[in-house]
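Chain and residue survey
Chain by chain, the residues run as shown.
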Amino acid sequence: MTEHTTNTGRTEQTGHAGRSGHAGGPGHAPGGADAYEVVVVGGGAAGLSAALVLGRARRRTLVVDAGEPRNAPAAHMQGYLSRDGMSPAEFLATGREEIARYGVELVRDRVVDATRDGGFAVALAGGRTVRARQLVVATGLKDELPPVEGLAERFGRDVLHCPYCHGWEVRDQAFGVLATSPMSVHQALMVTQWSKDVKLFLHTVGEAELSDEDLRRLAAAGVDVVPGEVAALVVEDDRLTGVRLAGGGTAADGTVHARQVLFVAPRAVPRTGLLARLGAETTETPFGRYPVVDGRGLTTVPGLWAAGNASGFAEQVVNAASRGYRAGAAINGELLTADLDAAVRV
Ligand SMILES: Cc1cc2nc3c(=O)[nH]c(=O)nc-3n(C[C@H](O)[C@H](O)[C@H](O)COP(=O)(O)OP(=O)(O)OC[C@H]3O[C@@H](n4cnc5c(N)ncnc54)[C@H](O)[C@@H]3O)c2cc1C
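So, a few notes on the structure that sits alongside this text. (Residues numbered from 1 in each chain as written. Predicted model: local features only at pLDDT ≥ 70, side-chain atom pairs only at ≥ 80, totals over all residues. Heavy atoms only, no water.)

**Considering the site of the ligand**
- Taken together, 37 residues are adjacent to the ligand, and Asp65, Glu68, Gln78, Asn309 and Glu315 come closest.
- Interatomic distance of 2.9 Å between a backbone N/O atom of Arg70 and an oxygen atom of the ligand.
- For the ligand, a nitrogen atom lies 2.9 Å from a polar atom in the backbone of Val111.
- Protein burial of the ligand: of its 1000 Å² of free accessible surface, 97% is covered by the chains. (Near = heavy atom within 4 Å. Polar contact = N/O pair within 3.5 Å; in protein donor to acceptor, adjacent residues only side chain to side chain. Areas by Shrake-Rupley, 256 points an atom, 1.4 Å probe, with all protein chains shown as cover.)

Next up, the structure:
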């Protein structure tokens, strides 16, 4: 029996029903109570999916989760077949129940360091150090929002980043798009699929930065281009009602443009500190710096895996879950092969 703390804050005793590891079989993780075959850092869709397949494969698995999933600001999770519209909190609570059925342990804590020592030694903020033969980093990413007054408070409500996540729910409303790079043109064109009333606020992007092709496409899509910096959002009765431009006697003259929804492009900062510390290679992409992984999620460091938003930008919940599952299944295969090879050598 193993003691662990659940995400409800309770401490429970959990058996590892049916697992061969405790008898010293193929699932055995040598090294005592704090030794696991797999430690998963992050208990979002990616981490829980990896844990589910590993638990069902009878691998002694620990999930360490700080409990701050990326989509926490949103009331609903859209676009996950059979889970469309479920709350993110309910989705994760269901996942935690599912992994517990297979004896996977989950602690609410934060991994603060990890070192390689044949396997991995993983340090938790709470003071515990656990050992793992294989380590999965499913820590997600942080959305850095443009510093516009009133914007952060509305994120996930009527300040949105992804039309696939929220477009249907706000269809045909008055949209704004806050430009923070010339790539925002693409976002403005994209959201016209959900509303024909779209204004592109150039904000920090100069008019000269838009190409002739951009301008032709924006005109063809009926997008109104508004030069000038955005100063603040106007919120009434807890709803976005407008976008106020900065003053200063220029084209940006403090005018308020009535808008119900504002699309933004947060800077995605993947939480890859642990991967970097362990020596995993990263590569620059148009969406930020991400770890180099193979099709299964294995990084350039043996035994070290990445899944979900920590491994790639355009990972909706269903993709993150899929990546986690794929990594979990691959890890089980790796452990099996390693143990069989070791047995042959003996
Ligand atoms: C506002 C908003 C709304 C969204 N809506 C949708 C939607 O409707 N549909 C959709 O498909 N996608 C949506 N997304 C995208 C969705 O949030 C991601 O696809 C999904 O969360 C990625 O899952 P993940 O497991 O990779 O990361 P996350 O869900 O972010 O989970 C990562 C977990 O790791 C934990 N963690 C991080 N560092 C550590 C550490 N050092 N130690 C321990 N734990 C750690 C975090 O606390 C977190 O619990 C939305 C995103 C945002 C921002």
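What follows picks up the thread again.
**Some details on unusual backbone geometry**
- A positive phi angle, near 65°, is found at Arg58, a position not held by glycine.
- The phi torsion at Asp238 lies on the positive side, around 60°, for a residue other than glycine.
- Inspection of the secondary structure assignment puts Asp238 in the loop between strand 14 (230-236) and strand 15 (239-245). (Helix = DSSP H or I, 4+ residues; strand = E, 2+ residues; numbered from the N terminus.)

**Observations regarding the packing of aromatic side chains**
- All told, the structure shown has three aromatic pairs when counted by the stated rule.
- The interplanar angle of 55° and the centroid separation of 5.3 Å between the aromatic rings of Tyr80 and Phe91 together place this pair among those described as tilted. Taken together, the positions of Tyr80 in the loop between strand 4 (61-65) and helix 2 (88-100) and Phe91 in helix 2 put the pair eleven residues apart, joining distant regions of the chain. As far as the burial class goes, Tyr80 and Phe91 line up, both buried.
- Seen from their ring centres, Tyr164 and Trp194 are 5.5 Å apart, and the 85° between their planes marks the pair as edge-to-face. Linking Tyr164 in helix 3 (residues 163-166) with Trp194 in the loop between helix 4 (184-191) and strand 12 (198-201), this pair joins segments that are 30 residues apart in sequence.
- Overall, Trp194 belongs to the buried group, its relative accessible area being 16%.
- Against the face of Tyr36 rests Arg60, its NZ or CZ located 4.4 Å from the ring centre.
- Its end group placed over the ring of Trp168, Arg171 keeps NZ or CZ at 4.0 Å from the ring centre. (Phe/Tyr/Trp six-rings, centres within 6.5 Å; stacked < 30°, edge-to-face > 60°. Buried < 20%, exposed > 50% of the residue type's maximum accessible area, 1.4 Å probe, protein only. Lys NZ or Arg CZ within 6 Å of the ring centre and 35° of its normal.)

**Some points on helix 7 (residues 317-345)**
- Across its 29 residues, helix 7 extends 42 Å between first and last C-alpha, which sits within 8% of the 42 Å expected from 1.5 Å per residue.
- Along helix 7, the positions that sit buried rather than exposed are Val317, Ala320, Ala321, Gly324, Ala327, Gly328, Ala330, Ile331 and Leu335.
- Looking at the buried side of helix 7, the elements it contacts are strand 3 (35-41), helix 1 (45-56), helix 2, strand 8 (129-137) and strand 21 (304-306). (Expected span 1.5 Å × (residues − 1). Contact = heavy atoms within 4.5 Å.)

**What to know about the sheet that holds strand 13 (residues 224-226)**
- In space, the five strands of this open sheet follow the order 10-17-11-12-13, with parallel pairing throughout. Each edge of the open sheet carries a strand with a single partner, namely strand 10 (159-160) and strand 13.
- As paired elements, strand 11 (residues 175-178) and strand 17 (residues 261-263) share three bridges and run parallel to each other. Bridging across to strand 17, Val177 finds its partner in Phe263.
- Against the sheet, helix 4 engages strand 11, strand 12 and strand 17, with an angle of about 165° to strand 11. (Pairing = 2+ DSSP bridges. Axes fitted to C-alpha atoms, helices over the stretch in contact; angles between N-to-C directions.)

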